[in-house]
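# Structure at a glance
Each chain, letter by letter, is given below.
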Amino acid sequence: MYCESDKKLLEKKGDFMQSETRLIKVIILLSFSLFVMQNIYAEIRQMEPVILIGTDLPDVYDVPIDQIQLFVNRDDLWVQIPMQIDERSTAGSLYEDDDGLWDENDELVFQPQDGGASVLASNWIEDTESQSNSRYKIAVNDPAENDYTFVYLYYSSTIEDTVSTSYISYNDEEDAIITEDYKIGFDDQKLFWDEFRFKEGIDFSNDLMDREKMRINGTVWPFPEYTLSENDFSPIDYWVKSGKIRVMRKVQNEVSVYGITQTTEAEKHFYRSFLQVPDLTISVDESAGVTMIRRSYDLSSESVGAIISTSNNEFILVDGNPDPNVQTDIELSEMSHYWIKMDFENKSLVTVSDFSGISDDFLLYYYDNSSGGTNDGTDDTGDMASYGDTGMRFNNPNAGEHIIKTNIYASIENDLSGITCQSYFDNSFECEINEEVYVPVGISNDDVCLSSNISLSNYPNPFNPSTTIKFYLPTNSFVDLSIFNIKGQKIKQLIKEETPKGIKSVVWNGKDETGNFVSSGIYLYQIQTDQDQVSIKRMILMK
C-alpha cells in the first residue's frame with residue numbers, strides 16, 4: 001500500500017523523467033531571455049521614478065543591499081545607474097535604519113529615464129560571480145506614451161557601487177530640498193513651503209513663492225466660529241531621509257481649537273523633477289464642526305508675468321490685479337485628477353490631485369491682488385500680498401476619512417501641459433519583471449524550454465560549505481527539489497513532499513545522499529512541481 005505522497009509521485013513519474021532529460025540540456029543552457037529585442041529602447045517621460053518593493057524581487061531575499069546594483073545597456077555598453085534602497089518598517093515608516101539585507105520591507109527606487117536596451121541573456125556585465133547568480137530584467141512601460149525602457153538588476157559581492165551621481169540632496173541648515181531642476185524651502189512650522197526656485201544654469205532663480213497656505217473654518221457650539229491658518233500649526237518633530245534618488249520628509253505638528261489639541265502628520269517625497277504627496281489620509285471629525293478647508297500656493301512678486309491654467313481655465317495672468325473672469329466651478333468628474341499649471345518664463349510646475357469624496361461643494365481658489373487679503377473672508381498671512389494664490393477650497397467637507405493623492409511635475413524646459421500631466425497621473429509606470437540566468441555566447445535559445453512561474457535562488461553563491469536555497473510557490477504544490485552534478489547525475493534530494501504556497505527555504509550542507517561532502521565545482525539545483533512548473537539554477541562550491 002502506498003502512502004498518498006507516493007501515489008502522487010508515481011502519477012508524476014513521467015514528468016520528472018522528462019525533466020531530468022531536459023536537465024542535461026540545461027547543463028549547457030540555464031535559461032533564455034524572455035525578450036528578443038536587442039539594442040532597442042525609447043526615451044521615456046522625464047518625471048516619475050519607479051519603486052519596487054521587496055516581494056517584487058524574491059530571489060535576492062537576504063542578499064546584502066550593498067551587493068545589489070542596477071545597470072543598463074546602451075549601444076552594447078553596460079552602464080551603472082543611480083539607485084536607492086530604503087527600509088519600510090512594519091508600521092509603514094520609511095524613516096527606519098536599514099537592516100542591511102534585502103527583504104519584504106525594502107523599497108528600491110530608480111529613475112527609468114536612465115534606462116537602456118533589451119539584450120539577450122548572453123549579454124552580461126563583466127562580473128564572474130554575478131554570472132553564477134540570476135539577474136532581474138525590469139521592463140518599464142509608460143502606458144501614457146506607449147514607450148518601453150529596460151533596467152537590469154545584478155547582485156554580487158564583487159560589484160562595486162561606482163555611481164557618484166546624485167539627483168537630489170537635503171540641506172539641513174536651510175531645511176531645503178535641492179535637485180537638478182528646483183530648490184524648495186520650508187517655513188518655521190516646517191510643514192509648509194515658503195521658497196521655490198527653478199534651476200537656471202548653475203544657479204537658481206529668484207524665490208517665486210510667498211508661501212503654501214492653509215485655512216480651516218469651523219463652528220463648535222457654543223463657541224464663536226474659529227479659523228486656523230498655517231501659522232497655527234506648531235512643529236513637534238520631523239524626519240528626513242535622503243539618498244541619490246529621493247528625499248523623504250515627514251513632519252509631526254499639533255494644532256489647538258478651544259483647548260482641544262490634535263496631532264497631525266504630513267509627508268512629502270521629492271525627486272529630480274517630481275514631487276509626490278503619498279496617499280494622505282485626512283480625517284474630518286464631525287464634532288469639530290469644520291465648514292471650510294482651503295489649501296493653496298501664494299506666489300511672490302517675482303512671479304508677476306507668470307501664466308496660470310487649470311482644468312477649467314485656459315489663461316490667467318499673474319499681475320497683482322484682481323481677475324473677475326476666473327472660472328471657479330469644477331465638474332465632479334474632474335475631482336479625481338484636477339490639474340493646475342504655473343508657467344514661469346519657459347519653466348513650468350503642474351500639480352495634479354485626486355480630491356474625490358472630500359466634499360460635494362468644492363471650488364477652485366484663486367486670488368491675485370498685490371494689496372493683499374483673501375477671497376474667502378479669512379485674514380491674510382505671509383507677505384500680506386497675493387500673487388496668483390491658487391488652490392482648492394472645500395465647503396462643508398464630508399465627515400470621515402478621505403485619501404488625497406497629489407503629484408507635482410516640474411520642468412525647466414516648459415515642455416509640460418496640464419492634460420499631459422493628467423494623463424501621467426492616471427497612467428503610472430508599469431513594470432514587467434523577469435528573472436534570467438547567464439547564457440554562454442553561441443548557445444541557441446531553442447536548446448531548452450523551461451516552464452516556470454516559481455522563483456528559485458541560493459545564497460551565498462559561490463559557497464563553502466553550505467548554502468540556503470530559497471523558492472517561491474504561487475500555489476500549494478507537490479515539490480521535488482534536488483541537486484545534480486555537472487554530468488546531470490542526481491546527488492541529493494532535499495525536498496519531496498506537499499508544500500504550501502509562499503516563500504520557503506532549505507539549507508544544503510554540501511553532502512550527497514551517502515553523507516559525504518562533495519568536491520568543489522559547479523552544481524545544478526532543480527525544483528519541479530506537480531503543476532508542471534520547473535526552474536533550474538547553477539551554483540558553485542568553492543573550497
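Rules and cut-offs
- Residues numbered from 1 in each chain as written.
- Predicted model: local features only at pLDDT ≥ 70, side-chain atom pairs only at ≥ 80, totals over all residues.
- Heavy atoms only, no water.
- Pairing = 2+ DSSP bridges.
- Helix = DSSP H or I, 4+ residues; strand = E, 2+ residues; numbered from the N terminus.
- Axes fitted to C-alpha atoms, helices over the stretch in contact; angles between N-to-C directions.
- Phe/Tyr/Trp six-rings, centres within 6.5 Å; stacked < 30°, edge-to-face > 60°.
- Buried < 20%, exposed > 50% of the residue type's maximum accessible area, 1.4 Å probe, protein only.
- Lys NZ or Arg CZ within 6 Å of the ring centre and 35° of its normal.
- Arc of directions from axis to C-beta.
- Contact = heavy atoms within 4.5 Å.
- Core = buried A, V, L, I, M, F, W, Y, C linked by side-chain atoms within 4.5 Å.
- Salt bridge = Lys/Arg side-chain N within 4 Å of Asp/Glu carboxyl O.

A sheet is described by the order of its strands in space; here 5 strands give the open sequence 8-9-10-11-12, paired in antiparallel fashion. Among the strands making up the open sheet, the edge pair consists of strand 8 (168-171) and strand 12 (203-204). With 4 bridges joining them, strand 8 and strand 9 (residues 176-179) adopt antiparallel strand pairing. When the sheet's bridge partners are listed, I168 is paired in strand 9 with T179.

Quick look at the sheet that holds strand 32 (residues 502-508) now. Spatially, 28-29-32 is the arrangement adopted by the 3 strands of the open sheet, whose pairing is antiparallel. Pairing within the sheet leaves two strands with one partner each, and these edge strands are strand 28 (455-459) and strand 32. Between one strand axis and the next, the sheet turns by 20 degrees as a mean value, whatever way the strands run. By the bridge criterion, 7 bridges tie strand 29 (residues 467-473) to strand 32 in an arrangement that is antiparallel. Its bridge partner lying in strand 32, T468 is registered against V507.

Negative phi values dominate among residues other than glycine, just as trans dominates among peptide bonds. Look at the link from W221 to P222: it is a cis peptide, with omega at 5 degrees. Within the element layout of this structure, P222 appears in the loop between strand 13 (209-218) and strand 14 (226-229). Residue P460 is reached from Y459 by a cis peptide bond, and omega for that bond is 0 degrees. Along the chain, the position of P460 falls in the loop between strand 28 and strand 29. Positive phi values are uncommon outside glycine, yet D75 reaches one of about 55 degrees. Mapped onto the secondary structure, D75 falls in the loop between strand 2 (68-74) and strand 3 (77-80).

On to the packing of aromatic side chains, then. Tallied over the full model, the rule gives 21 aromatic pairs. Ring centres of F71 and Y154 lie 5.7 Å apart, and the angle between their planes is 85 degrees; on these two criteria the pair is classed as edge-to-face. Note that F71 is positioned in strand 2 and Y154 in strand 7 (residues 147-155), a separation of 83 residues in sequence. Where W124 meets Y438, the ring centres are 5.6 Å apart and the plane angle is 75 degrees; that geometry is what we call edge-to-face. Of this pair, W124 sits in the loop between strand 5 (106-110) and helix 3 (128-131) while Y438 sits in the loop between strand 27 (430-437) and strand 28; the two residues are 314 residues apart in sequence, bridging distant segments of the chain. Exposure remark for W124: the relative accessible area of 7% places this residue in the buried category. Members of the aromatic cluster, connected to one another through ring pairs, are F71, W78, W124, Y152, Y154 and Y438. In this arrangement the basic side chain of R45 is found over the ring face of F429, its NZ or CZ atom lying 4.4 Å from the centre.

This part takes up helix 4 (residues 418-426). Here helix 4 has its buried residues at G418, C421, Q422, Y424 and F425. In a view along the axis of helix 4, the buried residues occupy a sector of 160 degrees, so they form one face of it. Along its buried surface, helix 4 packs onto strand 22 (338-343), strand 23 (348-354) and strand 26 (400-411).

Of all hydrophobic cores here, the largest spans 53 residues; its most connected members are W193, F196 and F270. Setting aside chain neighbours within four positions, we find F270 in contact with I168, I177, Y182, I184, F186, W193, I245, R246, V247, R249 and L275. Of all hydrophobic cores here, the second largest spans 23 residues; its members include I44, L108, Y136 and V140.

Before going further, it helps to spend a moment on the pattern of salt bridges. Evaluation of the coordinates by the stated rule reveals 28 salt bridges. The shortest N-O distance in the salt bridge between K268 and E212 comes to 3.9 Å. Of the two residues, K268 is situated in strand 17 (residues 260-270) and E212 in strand 13; the sequence distance between them amounts to 56 residues. The class for K268 is buried, based on a relative accessible area of 10%. In the salt-bridge network here, residues are joined through shared partners; they are D86, R88, E107 and R246.

Now for the pairing of strand 4 (residues 84-87). Alternating residues of strand 4 divide into Q84 and D86 and I85 and E87, and every residue in both groups is buried. Here 4 bridges tie strand 4 to strand 5, and the two strands are oriented antiparallel to one another. In the sheet register, Q84 faces strand 5, and the bridge partner there is V109.

Let's shift gears to the pairing of strand 16 (residues 247-257). With respect to burial, strand 16 is a largely interior element, 9 of its 11 residues being buried. Relative to strand 16, strand 15 (residues 234-242) runs antiparallel, the two sharing 8 bridges. What sits directly across from W239, in strand 16, is K250. In sequence, strand 15 turns back onto strand 16 through a hairpin of 4 residues. Of the strand pairs in this sheet, strand 16 and strand 17 are connected by 11 bridges, and their pairing is antiparallel. Counterpart to K250 in the pairing with strand 17 is E267. Between the antiparallel neighbours strand 16 and strand 17 lie 2 residues, among them Y258 with a positive phi of about 50 degrees.

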